Amino acid sequence: MFTAGWLIFLGIILFIALLLALPVHAVIEWNEKLTVKVRYLFFKFDIIPGKEKEKKPKAEKRQKSEKPQEEKPKKQKKKRMPEEIVDGFIDAVHRYGPGAKQILRNIRVHKLEGYWRIAAEDAAACAIRYGRICALLNTAFGFLRNLTKIEKTKLRVYPDFTAEKEEIRVKADIEANPLIVLIGGIRIAFALLGSMMKKQQKETSKKECT
């Protein structure tokens, strides 16, 4: 016989499972900056960028004799090329295997829009880069279509021989089941843990041999 406590516990578990089974809609947009907006039931959230916190002005407590500290120049992080990001994404899906593929199979892309103006230092380099990008995108879309349901696509990729800077705009309206995403994330976490343990075992075995 179930007690009242067990019934309440099972009711909570079923309620959470029901909430996780409901789809989540997200609009992901890239136009020099990444924005992610999520809609779940009647709620809307701005995930990226989040709400900016008001910074309280810090009181300056410096004596007259104290010398101002020189600001150290910040190291500029090397920006990854778009094709490197695409290659890295495909490589990560292969590396994390079943968990990543489970998440991708769960995603439904209602609408995908993309615009890529390709530029380079001269016309010959621009033409070569255009051919390489087209081949890369064909590979990437073939890979995605085998795993993800994509309903509508509107893509434009063209070389601009006079432009000095490339321009990329992407917008995707997607839907996913949070429960399956959670299960896939747990599988990826276990895969990462297993690879870390194997790496540690190899390092310890090398140390023992030496």
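First, a word on scope: everything that follows refers to the structure included in this document. (Residues numbered from 1 in each chain as written. Predicted model: local features only at pLDDT ≥ 70, side-chain atom pairs only at ≥ 80, totals over all residues. Heavy atoms only, no water.)

1. Describing the pairing of strand β2 (residues 34-40)
Okay, so step 1: Pairing of strand β1 (residues 24-31) with β2, which is carried by six bridges, proceeds in the antiparallel orientation. Bridge pairing in β2 links E29 to T35.
Okay, so step 2: Here β1 folds back onto β2, and the loop between the two strands holds two residues, one of which, E32, carries a positive phi near 70°.
Okay, so step 3: Here β2 runs beside strand β3 (residues 43-48); their pairing, made up of five bridges, is antiparallel. The partner of Y40 across the bridge, within β3, is F43.
Okay, so step 4: Taking the residues that link successive antiparallel strands as the turn, the β2-β3 hairpin has two residues, and the phi of L41 there is positive, at about 55°. (Pairing = 2+ DSSP bridges. Helix = DSSP H or I, 4+ residues; strand = E, 2+ residues; numbered from the N terminus.)

2. Section: the nonpolar core
Okay, so step 1: If you look at the biggest cluster of nonpolar residues, it comprises 22 residues, and the most contacted ones within it are V93, I107, V109 and I174.
Okay, so step 2: Listing elements by their share of this core, those giving two or more residues are β2, α2 (82-106), β4 (108-118), α3 (123-145) and β6 (167-176).
Okay, so step 3: With residues up to four places along the chain from it excluded, the contact list for V109 reads T148, K149, I150, E151, K152, D173 and I174.
Okay, so step 4: Grouped together as the second largest cluster of nonpolar side chains are six residues, W116, I118, L137 and I168 included. (Core = buried A, V, L, I, M, F, W, Y, C linked by side-chain atoms within 4.5 Å. Buried < 20%, exposed > 50% of the residue type's maximum accessible area, 1.4 Å probe, protein only. Contact = heavy atoms within 4.5 Å.)

3. Points about the pattern of salt bridges
Okay, so step 1: This model, assessed by the stated rule, comprises six salt bridges.
Okay, so step 2: Across the pair E167 and R169 runs a salt bridge, and its minimum N-O distance is 2.5 Å.
Okay, so step 3: Judged by relative accessible area, which is 23%, E167 ranks as partly exposed.
Okay, so step 4: Judged by relative accessible area, R169 falls into the partly exposed class, the value being 32%.
Okay, so step 5: Connected via shared salt-bridge partners are R117, E167 and R169. (Salt bridge = Lys/Arg side-chain N within 4 Å of Asp/Glu carboxyl O.)

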